[in-house]
Amino acid sequence: MDPLWRNALWRQFGAAIDMLEHALVACPASLWTERLWRTPPPPAFPPRFAEFWYVTFHALVWLDLYLSGVPEEEFAPPAPFAQGELDSVEALPARPYTKEELHAYLASARQKCHTQLFALTDEQARQVVEYPWAKGQAVSFLELQLYNMRHVQEHAAQLNLFLGQNGIEGVSDWVSRAKADS
């Protein structure tokens, strides 16, 4: 894969992950289990789905899954994260994950993303993957990563907006490119 594409993809994907990290780090304990929105989740989703910690976990576990490029049923997040169908009542942990646990997962997923993108070949980029949201249409691994980046950015924006609405200082400004420490 052309280095220009690899670098551009990483800089933007890494920036989305960095924005998620800024929200995670800025969240005070008083908001950790607060709901981002009032609407209850659909019945199949865990009742804590809209809480700050869970939205962060949700973004990270799907980031990890999509970077793996495997079907959901073949994926398991690392310990200490609950096993089972993602975003299900079955996989809801007994307690909220801590900021430290989620920050470690974020660092690991960020490194995995960097490694994956810089090792990506044209053949791997074209590899077809299947997920239910594609509704039976072919999706390349490259397109999956663009979808993945958009998903991370969506939740990073929600978390940052929530923090800003609650008057939290240190909420991140826009991150234009990934930090250079990878």
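All figures in this text were calculated on a predicted structure; none of them were measured in a lab. (Residues numbered from 1 in each chain as written. Predicted model: local features only at pLDDT ≥ 70, side-chain atom pairs only at ≥ 80, totals over all residues. Heavy atoms only, no water.)

Draft legend 1. Summary view of the packing of aromatic side chains. Applying the stated criterion across every chain, the model contains 18 aromatic pairs. Here the aromatic rings of Phe-52 and Phe-162 are separated by 6.3 Å at their centres, their planes lie at 40°, and the arrangement is tilted. With Phe-52 in helix H2 (residues 52-68) and Phe-162 in helix H5 (residues 141-165), this residue pair connects regions lying 110 residues apart in the sequence. As far as the burial class goes, Phe-52 and Phe-162 line up, both buried. Relative to Trp-133, the ring of Tyr-131 has its centre 6.4 Å away and its plane inclined at 0°; by these criteria the two rings are stacked. Look at Trp-133 and you get partly exposed, because its relative accessible area is 28%. Members of the aromatic cluster, each reached through a chain of ring pairs, are Trp-37, Phe-45, Phe-49, Trp-53, Tyr-54, Phe-57, Phe-81, Tyr-97 and Tyr-105. (Phe/Tyr/Trp six-rings, centres within 6.5 Å; stacked < 30°, edge-to-face > 60°. Helix = DSSP H or I, 4+ residues; strand = E, 2+ residues; numbered from the N terminus. Buried < 20%, exposed > 50% of the residue type's maximum accessible area, 1.4 Å probe, protein only.)

Draft legend 2. The arrangement of helix H3 (residues 99-119) in detail. Counted at 1.5 Å a residue, the expected span for H3 with its 21 residues is 30 Å, and the 30 Å between its end C-alpha atoms agrees. Along H3, the positions that sit buried rather than exposed are Glu-101, Leu-102, Tyr-105, Leu-106, Ala-109, Arg-110, Cys-113, His-114 and Leu-117. Packed against the buried residues of H3 are helix H1 (3-26) and H2. (Expected span 1.5 Å × (residues − 1). Contact = heavy atoms within 4.5 Å.)

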